[in-house]
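Residue strings, one per chain:
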Amino acid sequence: MSSVERVHKYLTKDLTVRAAAVVATRVVEEMQATQNSFPISTVAVGRSMVASLLMASHLKNKQELSVFIQGSGPLSQVFAEASFEGKVRGVSSHPHLEMPIEHEKILVAPAIGIGLLTITHHLPIGGAPHRGTVELATSEIGDDIAYYLQQSHQIGSVVSLGVHVNTFGKVEAAGGILIELMPGHTEETVNAIEARVKKAKPISTRILEGATAEDLIKDYLGDFELIEMDHNYPIEYSCRCTAERVKRSVGLLGLEELDSTISKAEELEVSCEFCGRRYVLTVDDLKEVRAEVYKQSLN
Ligand SMILES: [Zn+2]
């Protein structure tokens, strides 16, 4: 298996179906190791990372896309974002949530509960982001993305996402496929894809067996003549956190908490929740944050 993972994109020769597939084991593994996340968060965040990589591969240079799930369940929020160029990151509100495992299956839906899925498409600097929100359909993430594409873009699709963690919580397989029906597709095309979907093994099983992105595509679109589109960006776990962003998040502690830290004249060490990078805020930094929070409290 090649060590460079990237999103592979295809079109059927008649241009009525487009597809993207990725094996993303390494980047999901890196997220898990960085956050030391437990299986339920690893699987939910991993699926969201795969979905955002697949959807972002259809954007343009320097554009990004995020998947944000707000649910009533104990996992609460799941967030992932990816760029056209294959940079991806993700996190949930509760990386260390523990849930009962039934028949060795990690059940994402009960952890997420009912709620909303928001997809945001960020344009390069200057453009206002496009945002679409739908209710969660099944809370398994793949079906929810398909429901979003239908509701917001009138695109019929197959979205299959898979993350497998072993009994030690380590990621052994992660990846997915996104198939979208474009204008002009025929009934035969839909039937052929549906027949393949019925027969397909779970994505994570296929990746554990050693399947590549090309193999996943063949599982679903083996009946079609395909053209591969150029998309040569290795995927990478990447965080764009900065000291400024961290300061903003520290402001959320509120005036009382900030005053108490400042009065102890202690530095505050904060880690980025996505990548674990550590930032040290001096007392002067904290005073600056406090002044900003105070100013906003007057508005
Ligand atoms: Zn970071």
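Whatever comes next refers back to the structure up there.
Please read all numbers here as calculations on a predicted model, not as lab measurements.

(A) Here's a closer look at the sheet that holds strand E7 (residues 130–135). Spatial ordering of the open sheet is given by E7-E6-E3-E4-E5-E11, a layout of six strands whose pairing is mixed. Strand pairing shows two members of the sheet lacking a second neighbour, E7 and strand E11 (236–237), which therefore form its edges. With two bridges connecting them, strand E5 (residues 87–92) and E11 associate as parallel partners. Each bridged residue has a counterpart across the sheet, and for Lys87 the counterpart in E11 is Glu236. Where helix H2 (residues 39–56) meets the sheet, its contacts fall on strand E3 (64–71), strand E4 (77–83), E5, strand E6 (115–122) and E11, and the angle it forms with E4 comes to roughly 30°.

(B) Here's a closer look at the sheet that holds strand E2 (residues 17–23). Strand order across the open sheet formed by five strands is E8-E9-E2-E1-E10, with antiparallel pairing between neighbours. Only two strands of the sheet have a single neighbouring strand rather than two, namely strand E8 (157–165) and strand E10 (226–229). Adjacent strand axes in the sheet meet at a mean angle of 15°, parallel and antiparallel pairs treated alike. Pairing of strand E1 (residues 8–12) with E2, which is carried by four bridges, proceeds in the antiparallel orientation. Bridge assignment links Leu11 to a residue of E2, and that residue is Arg18. Sheet strands touched by helix H4 (residues 142–153): E8 and strand E9 (171–181). Its angle to E8, the strand with the most contacts, is close to 160°. Packed onto the sheet, helix H7 (residues 213–221) meets E1, E2, E8, E9 and E10 and runs at close to 140° relative to E2.

Here is what the cut-offs are and how they apply
- The written sequence of each chain sets the order in which its residues are numbered from 1.
- For this predicted model, a pLDDT threshold of at least 70 governs which residues receive local features, and a threshold of 80 or more governs which side-chain atom pairs are given and counted, while totals over whole chains, interfaces and linings are taken from all residues.
- Hydrogen atoms and water are omitted, and side-chain values are computed over all heavy atoms in the structure.
- Each pair of strands is called paired provided DSSP finds at least two bridges between the two strands.
- Strands here mean DSSP runs of E at least two residues long; helices mean DSSP runs of H or I at least four residues long; both are numbered from the N terminus.
- It only takes one pair of heavy atoms within 4.5 Å for two residues to be counted as in contact.
- To define axes, lines are fitted to C-alpha atoms, for helices over the stretch in contact only, and angles between the resulting N-to-C directions are given on a 0 to 180 degree scale.

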